[in-house]
Amino acid sequence: MPTVSVEELKAKVGQPIGTSEWVTVSQEMIDKFADATGDHQFIHVDPERAKQTPFGTTIAHGFLSLSLMPLLTSKADLPRLDGIKMGVNYGGNKTRFLAPVRSGKRVRGHFKLLQLDEKRPGQWQQTVEYTLEIEGEDKPALMAEWVSQFFV
């Protein structure tokens, strides 16, 4: 994948910088997330009971939708920095869960670069708007501002 300089990436502040491939949120994925987090609420793991809810089926955990960000980032056409040694999550500014992701639906991430600042020599902090689109639906599953740091 081609890389860009910090200056080239900084020029993209305020712009969309990439879209991921589609990923299916399967019941198996939801069940594994429930096991990993201990959140076994029936709307996530019991298809028969979930049929009786307004969702009509099981839905992904909101935090599962948020945690798909690294996977979707890896499957996106995002610009990669030249000479990057590592990147770390720094935190989130805003997160809103706007619509449920029903089991079996496909989702993809849209990424917009909101800010890029040098915190100290060789350490850059970026804020990206992450929007999780649900295939065939008007409303996104979530929108979040996510802050990462990169070391070059």
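Residues numbered from 1 in each chain as written. Predicted model: local features only at pLDDT ≥ 70, side-chain atom pairs only at ≥ 80, totals over all residues. Heavy atoms only, no water.

Asker: Please explain the nonpolar core as it appears in this structure.
Answerer: Among soluble globular proteins, nonpolar side chains are generally buried collectively. Val-25, Val-101, Phe-111, Tyr-130 and Leu-132 are the most contacted members of the largest nonpolar core, which has 33 residues in total. Elements supplying a minimum of two residues to this core: α1 (6-10), α2 (27-37), α5 (62-67), α6 (69-74), β6 (106-120), β7 (123-134) and β8 (142-151). Among the elements that take part in this core, β7 stands out by supplying five residues, more than any other. In contact with Tyr-130, other than residues within four places in its own chain, are Ser-65, Leu-66, Leu-68, Met-69, Leu-72, Gly-109, His-110, Phe-111, Leu-142, Met-143 and Ala-144. (Core = buried A, V, L, I, M, F, W, Y, C linked by side-chain atoms within 4.5 Å. Buried < 20%, exposed > 50% of the residue type's maximum accessible area, 1.4 Å probe, protein only. Helix = DSSP H or I, 4+ residues; strand = E, 2+ residues; numbered from the N terminus. Contact = heavy atoms within 4.5 Å.)

Asker: I tried to follow the packing of aromatic side chains on my own but got confused; where do I start?
Answerer: To describe a pair of aromatic rings, you give the distance between the ring centres and the angle between the ring planes. Counted by the stated rule, this structure contains two aromatic pairs. Taken together, a centroid distance of 5.8 Å and an interplanar angle of 85 degrees make the contact between Phe-63 and Phe-97 edge-to-face. Of the two residues, Phe-63 is situated in helix α5 and Phe-97 in strand β5 (residues 86-97); the sequence distance between them amounts to 34 residues. For Phe-63, a relative accessible area of 58% corresponds to the exposed category. On the accessibility criterion, Phe-97 (42% relative accessible area) is partly exposed. (Phe/Tyr/Trp six-rings, centres within 6.5 Å; stacked < 30°, edge-to-face > 60°.)

Asker: Is there a simple way to explain α2 in this structure?
Answerer: Residues that lie three or four places apart on an α-helix share one face, since the helix turns once every 3.6 residues. For α2, the set of buried residues is Gln-27, Ile-30, Phe-33 and Ala-34. Projection of α2 onto a plane perpendicular to its axis shows the buried side chains occupying an angular sector of 125 degrees, all on one side. Away from the buried face of α2 by more than 90 degrees, exposed residues Glu-28, Lys-32, Asp-35 and Ala-36 are located. Those residues of α2 hidden inside the fold are in contact with α3 (42-45) and α5. (Arc of directions from axis to C-beta.)

Asker: Help me out: how do you make sense of the pattern of salt bridges in this one?
Answerer: Per the counting criterion, the structure on display carries six salt bridges. With its nearest N and O atoms 3.2 Å apart, the salt bridge here joins Glu-48 to Lys-51. The same class applies to Glu-48 as to Lys-51, namely exposed. Lys-94 is the partner of Glu-145 in a salt bridge, and the nearest nitrogen-oxygen pair spans 3.9 Å. Of the two residues, Glu-145 is situated in strand β8 and Lys-94 in strand β5; the sequence distance between them amounts to 51 residues. The class of Glu-145 is buried, set by a relative accessible area of 18%. Residue Lys-94 is classed as partly exposed on the basis of its relative accessible area, which comes to 49%. (Salt bridge = Lys/Arg side-chain N within 4 Å of Asp/Glu carboxyl O.)

Asker: Looking at this model, I keep getting lost on the environment of Thr-3. Mind explaining?
Answerer: With respect to the helices and strands, the residue Thr-3 is situated in strand β1 (residues 3-4). We classify Thr-3 as partly exposed; its relative accessible area is 42%. The spatial distance from the C-alpha of Thr-3 to the C-alpha of Gln-126 is 16 Å, given a sequence separation of 123 residues. When neighbours within four sequence positions are excluded, Thr-3 is seen to be in contact with Arg-80, Leu-81 and Asp-82.

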